[in-house]
Structures are given as structure tokens and as C-alpha cells.
Amino acid sequence: VQLVESGGGLVQPGGSLRLSCLASGFTFSSRAMTWYRQAPGKEREWVATITGAGDTTNYADSVKGRFTISRDNALNTVYLQMNSLKPEDTAVYSCGARIGRTYWGQGTQVTVSS
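The structure displayed is predicted, hence computed values, not measured ones. (Residues numbered from 1 in each chain as written. Predicted model: local features only at pLDDT ≥ 70, side-chain atom pairs only at ≥ 80, totals over all residues. Heavy atoms only, no water.)

Q: Just checking my understanding: could you explain the overall build of the chain for this structure?
A: When helices and strands are tallied, the chain shows 0 helices and 11 strands. Counted from the first residue to the last, the chain has its helices and strands arranged as β-β-β-β-β-β-β-β-β-β-β. Taking 13 Å as the expected radius of gyration for a compact globule of 114 residues, we find that the chain reaches 13 Å, a close match to that expectation. Over its C-alpha atoms, taken along the principal directions, the chain stretches across nearly 40 × 25 × 20 Å. Taking the contacts inside the chain whose residues are at least 6 apart along the sequence as the reference set, 50% of them involve residues at least 24 apart. When the accessible area of the chain is evaluated, it comes to approximately 5900 Å², of which 47% is carbon and sulfur surface. Each charge sign in the chain was given a centre, from 11 positive and 8 negative side chains, and these centres are 3 Å apart. (Helix = DSSP H or I, 4+ residues; strand = E, 2+ residues; numbered from the N terminus. Rg over C-alpha atoms; globule rule 2.2 N^0.38 Å. Contact = heavy atoms within 4.5 Å. Areas by Shrake-Rupley, 256 points an atom, 1.4 Å probe, with all protein chains shown as cover. Lys, Arg positive; Asp, Glu negative; His and termini not counted. Charge placed at Lys NZ, Arg CZ, Asp CG, Glu CD.)

What follows is the structure, given as C-alpha cells:
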């Protein structure tokens, strides 16, 4: 199982970013995918989950209405569109897949600062 995130960077408050996670080593379309984040000094936090078919999504209250999780099963990729970013969204964002145990990618840094 390999998960590779990309798309992070530095953005001003109110800005947007789109993260991508390319998956390999398992049947992507059969697995729910999850985005997590971990801010400095804090525990890993669940952000959003999407089912294998992409027909159901769930979000943490802290990002609901601002973030959108989606997937393209033909490309083995899950996305996280982040709008109206706030400084408290600053964290390393990782995607995860539960296959017996949860696998995570190496993460991509998102920094929201003016």
C-alpha cells in the first residue's frame, strides 16, 4: 500500500488549496478514504471520509461547509478541496486507507498565514 499526498503550501487566510492523494497497492474503488491532519503539538485529527463509490461523505465539524472530499477511481486519487482557509487549519494533511489496519501517506504541509 502506498499513499502519496501533494498540493500543500502556504496560503493566506480566506484562500484555497486542493490536496491530492495518489493510492496504489490495493483495490482503490473498494475502500473508503480519509483525510487526517496533525498540527504541531497536537494529536492527529480526522477531517473527512468518502466511501469507495464516492456516494457518501462525512466531515469534521471544524471543516464542514469549507472543505470538500472527492475521488476519481479511474485515477486512484482522492482529493480535498479546502476553501475559506483559516490559520487554525495549519497542519500536515495525510490521507488514510483502512486495510486491516490504517495506512497513511507521508503527508503534505498546509500553512495558512498572512
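There's more to say after this.
Q: Would you mind going over the pattern of salt bridges with me for this structure?
A: Should the charged atoms of two oppositely charged side chains come close, the side chains can pair. In this structure the tally under the stated criterion is 4 salt bridges. Arg37 is paired through a salt bridge with Asp89; the nearest N and O atoms lie 2.9 Å apart. Pair noted here: Arg37 is in strand S4 (residues 33–38) and Asp89 is in the loop between strand S8 (77–82) and strand S9 (91–99), with a separation of 52 residues, a long-range link. Note on Arg37: relative accessible area 6%, which makes it buried. Among the salt bridges present, the one from Lys64 reaches Asp61, with a minimum N-O distance of 3.2 Å. (Salt bridge = Lys/Arg side-chain N within 4 Å of Asp/Glu carboxyl O. Buried < 20%, exposed > 50% of the residue type's maximum accessible area, 1.4 Å probe, protein only.)

Q: Help me understand the state of the cysteines, please; the structure alone is not making it clear to me.
A: Linking two cysteines covalently through their sulfur atoms gives a disulfide. Enumeration over the complete set of coordinates arrives at 1 disulfide. Across the disulfide from Cys21 sits Cys95; the S-S distance is 1.9 Å. Across the S-S bond linking Cys21 and Cys95, the dihedral sits near 45°, which makes this disulfide right-handed. A residue pair is termed long-range when its members are at least 10 positions apart, and Cys21 in strand S3 (residues 17–24) and Cys95 in strand S9 qualify at 74 residues. (Disulfide = S-S within 2.5 Å.)

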